[in-house]
Amino acid sequence: MVYAFFIHSLDAPTVFLSYFYTPEGNNVHQPKRQEYIVNQVLDDFRYRALCDRGIDNRIGETYDGTVKHLAQKEGIFRVPINSTTELYFSQPKFILWRRALGALYTLVIESDENRLLASNFLSLFGKVLSDHFKLISVKSGGPSSSNINPQNPSLGLTPTSEFFMRPEEVIVLLQHYLPNGQLLFLSTQFSKHVKANITF
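Conventions and cut-offs
Residues numbered from 1 in each chain as written. Predicted model: local features only at pLDDT ≥ 70, side-chain atom pairs only at ≥ 80, totals over all residues. Heavy atoms only, no water. Helix = DSSP H or I, 4+ residues; strand = E, 2+ residues; numbered from the N terminus. Polar contact = N/O pair within 3.5 Å; in protein donor to acceptor, adjacent residues only side chain to side chain. Contact = heavy atoms within 4.5 Å. Buried < 20%, exposed > 50% of the residue type's maximum accessible area, 1.4 Å probe, protein only. Pairing = 2+ DSSP bridges. Arc of directions from axis to C-beta. Core = buried A, V, L, I, M, F, W, Y, C linked by side-chain atoms within 4.5 Å. Salt bridge = Lys/Arg side-chain N within 4 Å of Asp/Glu carboxyl O. Axes fitted to C-alpha atoms, helices over the stretch in contact; angles between N-to-C directions. Phe/Tyr/Trp six-rings, centres within 6.5 Å; stacked < 30°, edge-to-face > 60°. Lys NZ or Arg CZ within 6 Å of the ring centre and 35° of its normal.

Quick look at the side chain of S9 now. Mapped onto the secondary structure, S9 falls in the loop between β1 (2-8) and β2 (15-20). A polar contact is formed between the side chain of S9 and the side chain of D11, at a distance of 2.8 Å. If near-sequence neighbours (up to four positions away) are discounted, S9 is found in contact with T14, F16, L42 and L104.

As structure tokens, this is what we get:
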């Protein structure tokens, strides 16, 4: 069972979208729980970035924006129950994150959940959102300058573009690919089926 899903900033605890799937997740501690999870992910993301930077320096490569973009693509860590976390969780959790479209996609799952399925969801859902909002851009007359990342045009949409100005469409897609917090065996055929049947 998936406990929660977030889309948030790479460099600050700014949450663009959050969705908790359990009563515990939505209790009175929800704001602090969300803040704790996002901060833990950002700490892991930064730690991996520093590790990658150290490796790049040792092999004599320049750590520039290109290298940084290729690094810290995804991560996973376990949250145990201790004096800090017992306020937020009744059971240990695994947290998976993936960098895509200029943001971090984070999935919080139960310790007995299939982590390969969770990782596959994060990988596919980023592509689903990218394809969906590129289609919107084409239908509305082509991509505008606000949809282009000036540092890397190939990245396309950024968190400040219409991608995050249409949260209701993200939620609709989320309900199809992660119905009620249940991980599915996702494939390109499944994705094509959803695209053919979903309407906005």
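All right, on to the pairing of strand β3 (residues 74-79) then. Where a strand is regular, its side chains alternate between the two sheet faces. Burial along β3 is one-sided: the residues G75, F77 and V79 are buried and none of E74, I76 and R78 is. Judged from the six bridges that link them, β3 and strand β4 (residues 93-100) form a sheet pairing that is antiparallel. The residue of β4 that forms the bridge with F77 is I95.

Take helix α4 (residues 167-177) next. Along α4, the residues that are buried comprise E169, V170, L173, L174 and Y177. Projected down its long axis, α4 shows its buried positions confined to an angular sector of 140°, all on one face.

Moving on, we come to the nonpolar core. Most often, soluble globular proteins have nonpolar side chains that are buried together. Counting 31 residues, the largest nonpolar core has F5, Y105, L107, F121, F125, L129 and Y177 as the members making the most contacts within it. If you list the elements that add at least two residues to this core, you get β1, β4, β5 (103-110), α3 (115-139) and α4. Per element, the largest residue contribution to this core is nine residues, and it comes from α3. Excluding residues that lie within four positions of it along the chain, F125 makes contacts with F5, Y105, V170, L173, L174 and Y177. Counting 19 residues, the second largest nonpolar core, distinct from the first, contains A4, Y36, F45 and V79.

Enumeration over the complete set of coordinates arrives at four salt bridges. With its nearest N and O atoms 2.8 Å apart, the salt bridge here joins R98 to E74. Placement of R98 in strand β4 and of E74 in strand β3 is noted, with a sequence separation of 24 residues between them. Since its relative accessible area comes to 16%, R98 is described here as buried. E74 gets classed as partly exposed once you look at its relative accessible area, which sits at 40%. The shortest N-O distance in the salt bridge between K93 and E110 comes to 3.1 Å.

The next subject is the sheet that holds β3. Strand order in the open sheet formed by five strands is β2-β1-β5-β4-β3, and the pairing between neighbours is antiparallel. The sheet is open, and its two borders are formed by β2 and β3, each paired with just one other strand. Each strand of the sheet is rotated relative to its neighbour by a mean of 15°, with strand direction disregarded. Where α4 meets the sheet, its contacts fall on β1 and β2, and the angle it forms with β2 comes to roughly 35°.

Further remarks concern unusual backbone geometry. A positive phi angle, near 55°, is found at N180, a position not held by glycine. Relative to the assigned elements, N180 resides in the loop between α4 and α5 (188-197). N180 gets classed as exposed once you look at its relative accessible area, which sits at 60%.

Considering all chains together, one arrives at 14 aromatic pairs under this definition. Measuring from centroid to centroid gives 5.4 Å for F6 and F20, while their planes differ by 85°, and the two rings are edge-to-face. One end of the pair, F6, is in strand β1; the other, F20, is in strand β2, and 14 residues separate them in sequence. With relative accessibility at 0%, the residue F6 sits in the buried group. A relative accessible area of 7% means that F20 is categorised as buried. Taking 6.1 Å as the distance between ring centres and 65° as the angle between the ring planes, the aromatic pair formed by F125 and Y177 counts as edge-to-face. Placement of F125 in helix α3 and of Y177 in helix α4 is noted, with a sequence separation of 52 residues between them. Y177 shares its class with F125; the two are buried. Chaining the aromatic ring pairs together yields one cluster made of Y3, F6, F20, Y36, Y88 and F89. Above the face of the F94 ring, R115 is positioned so that its terminal group lies 4.2 Å from the ring centre.

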